[in-house]
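Listed here are the chains, written in short residue letters.
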Amino acid sequence: MTIGLLGFQTTIAAPVSLTGIGVHSGSPVSITFQPAESNSGIIFARQFDDGSSAEYRAVSSQVGPTDLCTILGSSPATWVATIEHVMAALYALGIDNVTVDVDGAEMPIMDGSSYPFIDAIEQVGIVNLNVKRRYIRVIKPVRIESGASWSEFRPHDGTRFEVEIDFASPLIGRQSWNGELTAARFKQDLSRARTFGFMRDVERLWAAGYALGSSLENSVVISDDETVVNVEGLRYQDEFVRHKTLDAVGDLALAGAQFIGCYRSYRGGHKMNANALKALLNDPTAYEIVEAPSSRVARVRAGDFVPVSVSELAPSFA
């Protein structure tokens, strides 16, 4: 690999807030990204009217339901939902430590993509911390299957995503996105890809209490005659698979650390992403924890990272 990976942990330079609505609840919600110290990780803190809060570390072991989005926690009374677009932005920008304060049950959907979170964070800036970053390096293949769908991790000298979708819809059909993940690549190729759905599913989702905040302002809507309802059309010709890749980036960010390897999926989704990550982390022979060999180099080639003994930290990744 010629692309260097960051050798040090990061956080944001100052607090920054955004306000919107929850795509499923339809309720107003505000979030504030707060700087955090090294080794804090990503923390979601849901604030309640009585002054109390519920905190969740953004790791695989805290993931709850994954039917239509990714949720931290298991109780609707306290959980934090629809975190995947925020997590994708944090992962792609290489942010290791931040607290996300939220005054509702889910993240604001904004325009349905990760771009508003990227933009807000870049306005305040990112700072390096004088502590080495640790990566999860995949050292043997791990694969899961569910019907015709499958997902797998494979060793790779970098961080790569290969995502393929296959919808019966003629508008979508079979699409794939393959690429090395860098902040610049994510911003250009993935960050603006929006969530999408079919008009025929709207009434069923509403009846189940979902998609109450979904609109043409935050979702690509496909009509019954297989056309895009949004007047502006698509942002990318293959926006559908790009959004599925964006989701995969956010879901795999729940490893609790950046990873070195290739993630491949076919007809995947939040549940497949979550289960593949758990399968990897539940097999200690499939990965190793590595860090930069020197404290004097800011960026390191993926193959130059060295294994470290951190058995006491293993539960934070699982």
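This text gives an overview of the structure that appears in the document. (Residues numbered from 1 in each chain as written. Predicted model: local features only at pLDDT ≥ 70, side-chain atom pairs only at ≥ 80, totals over all residues. Heavy atoms only, no water.)

## Comments concerning the side chain of T70
Step number 1: The topology assignment puts T70 in the loop between β6 (53-57) and α1 (84-92).
Step number 2: For T70, the side chain forms a polar contact with the side chain of H270, separated by 3.4 Å.
Step number 3: With residues up to four places along the chain from it excluded, the contact list for T70 reads V63, P65, V80, A81, T82, I83, E84, D251, L254 and H270. (Helix = DSSP H or I, 4+ residues; strand = E, 2+ residues; numbered from the N terminus. Polar contact = N/O pair within 3.5 Å; in protein donor to acceptor, adjacent residues only side chain to side chain. Contact = heavy atoms within 4.5 Å.)

## Some words on the sheet that holds strand β7 (residues 98-102)
Step number 1: Strand order across the open sheet formed by five strands is β3-β4-β7-β5-β6, with mixed pairing between neighbours. Each having just a single partner strand, β3 (16-21) and β6 make up the two edges of the open sheet. On average, adjacent strands in this sheet sit at an angle of 20° to one another, irrespective of strand direction.
Step number 2: Here strand β5 (residues 42-47) runs beside β7; their pairing, made up of five bridges, is parallel. Each bridged residue has a counterpart across the sheet, and for I42 the counterpart in β7 is V98.
Step number 3: Of the strands in this sheet, β4 (28-35), β5 and β7 are in contact with α1, which crosses β5 at around 145°.
Step number 4: Together, β3 and β4 form the strand contacts of helix α2 (residues 115-124), whose direction differs from that of β3 by roughly 160°. (Pairing = 2+ DSSP bridges. Axes fitted to C-alpha atoms, helices over the stretch in contact; angles between N-to-C directions.)

## What about a nonpolar patch on the surface?
Step number 1: A contiguous nonpolar patch, built from M199, L216 and V229 and spanning about 230 Å² of accessible area, is present on the exposed surface.
Step number 2: The topology assignment puts M199 in the loop between β14 (196-198) and α4 (202-207). (Patch = residues over 30% accessible without salt bridge, like charges linked within 9 Å, V, L, I, M, F, W, Y side chains within 5 Å. Areas by Shrake-Rupley, 256 points an atom, 1.4 Å probe, with all protein chains shown as cover. Salt bridge = Lys/Arg side-chain N within 4 Å of Asp/Glu carboxyl O.)

## Some details on the pattern of salt bridges
Step number 1: Considering all chains together, one arrives at 23 salt bridges under this definition.
Step number 2: Close ionic contact of D111 with R235 constitutes a salt bridge, the shortest N to O distance being 2.9 Å. Highlighted residues: D111 in the loop between β7 and α2 and R235 in the loop between β15 (220-222) and α5 (239-252), separated in sequence by 124 residues.
Step number 3: Residue D111 is classed as buried on the basis of its relative accessible area, which comes to 14%.
Step number 4: Residue R235 is classed as partly exposed on the basis of its relative accessible area of 33%. (Buried < 20%, exposed > 50% of the residue type's maximum accessible area, 1.4 Å probe, protein only.)

## Observations concerning helix α6 (residues 270-281)
Step number 1: Taking 1.5 Å of rise per residue, the 12 residues of α6 would be expected to cover 16 Å, and the 17 Å separating its terminal C-alpha atoms lies within 8% of that figure.
Step number 2: Within α6 the residues assigned to the buried category are H270, M272, N273, A274, A276, L277, L280 and L281. (Expected span 1.5 Å × (residues − 1).)

## Some details on the side chain of E152
Step number 1: In this structure, E152 sits in strand β11 (residues 149-154).
Step number 2: Owing to a relative accessible area of 4%, E152 belongs among the buried residues under this scheme.
Step number 3: Side chain to side chain, E152 and R264 meet in a polar contact 2.3 Å long.
Step number 4: Setting aside anything within four residues of it in sequence, one finds E152 in contact with V142, R143, C262, Y263 and R264.

## Re the pairing of strand β12 (residues 159-166)
Step number 1: Burial along β12 is one-sided: T159, F161, V163 and I165 are buried, while R160, E162, E164 and D166, pointing the other way, are not.
Step number 2: Where β12 meets strand β16 (residues 258-266), six bridges bridge the pair, whose relative direction is parallel. Its bridge partner being in β16, E164 is matched across the sheet by Y266.
Step number 3: Bridge count for β12 against strand β13 (residues 174-180) is seven bridges, and the pairing is antiparallel. Pairing of I165 across the sheet is with Q175, part of β13.

## Some thoughts on the packing of α1 against α2
Step number 1: Two numbers describe how α1 lies on α2: the axes approach to 8 Å, and their chain directions differ by 45°. In this view, α1 runs oblique relative to α2, as classed from their interaxial angle. The interaxial crossing formed by α1 with α2 has right-handed handedness. Residues H85, V86, A89 and L90 of α1 pack against F117, I118 and I121 of α2.
Step number 2: The class makeup of the residues in the contact of α1 with α2 is six nonpolar, one polar and no charged. (Parallel < 35°, antiparallel > 145°, perpendicular 65-115°, else oblique. Left-handed = near helix turned anticlockwise from the far one by under 90°. Nonpolar A, V, L, I, M, F, W, Y, C, P; charged D, E, K, R; others polar.)

## Focus: the pairing of β6
Step number 1: What you see with β6 is a clean split: A54 and Y56 sit on the buried side and S53, E55 and R57 on the side with no burial.
Step number 2: Pairing of β5 with β6, which is carried by five bridges, proceeds in the antiparallel orientation. In the sheet register, F44 faces β6, and the bridge partner there is Y56.
Step number 3: Counted between consecutive antiparallel strands, the loop separating β5 from β6 contains five residues, among which G51 sits at a positive phi close to 95°.

## With respect to the nonpolar core
Step number 1: Core analysis: the biggest nonpolar cluster contains 69 residues, and F33 and F44 have the highest contact counts within it.
Step number 2: Looking at which element gives the most residues to this core, the answer is α1, with seven residues.
Step number 3: In contact with F33, not counting residues within four places along its chain, are I12, A14, P15, V16, L18, V86, L90, V98, T99, V100 and F117.
Step number 4: Counting nine residues, the second largest nonpolar core, distinct from the first, contains L5, Y135, I260 and V300. (Core = buried A, V, L, I, M, F, W, Y, C linked by side-chain atoms within 4.5 Å.)

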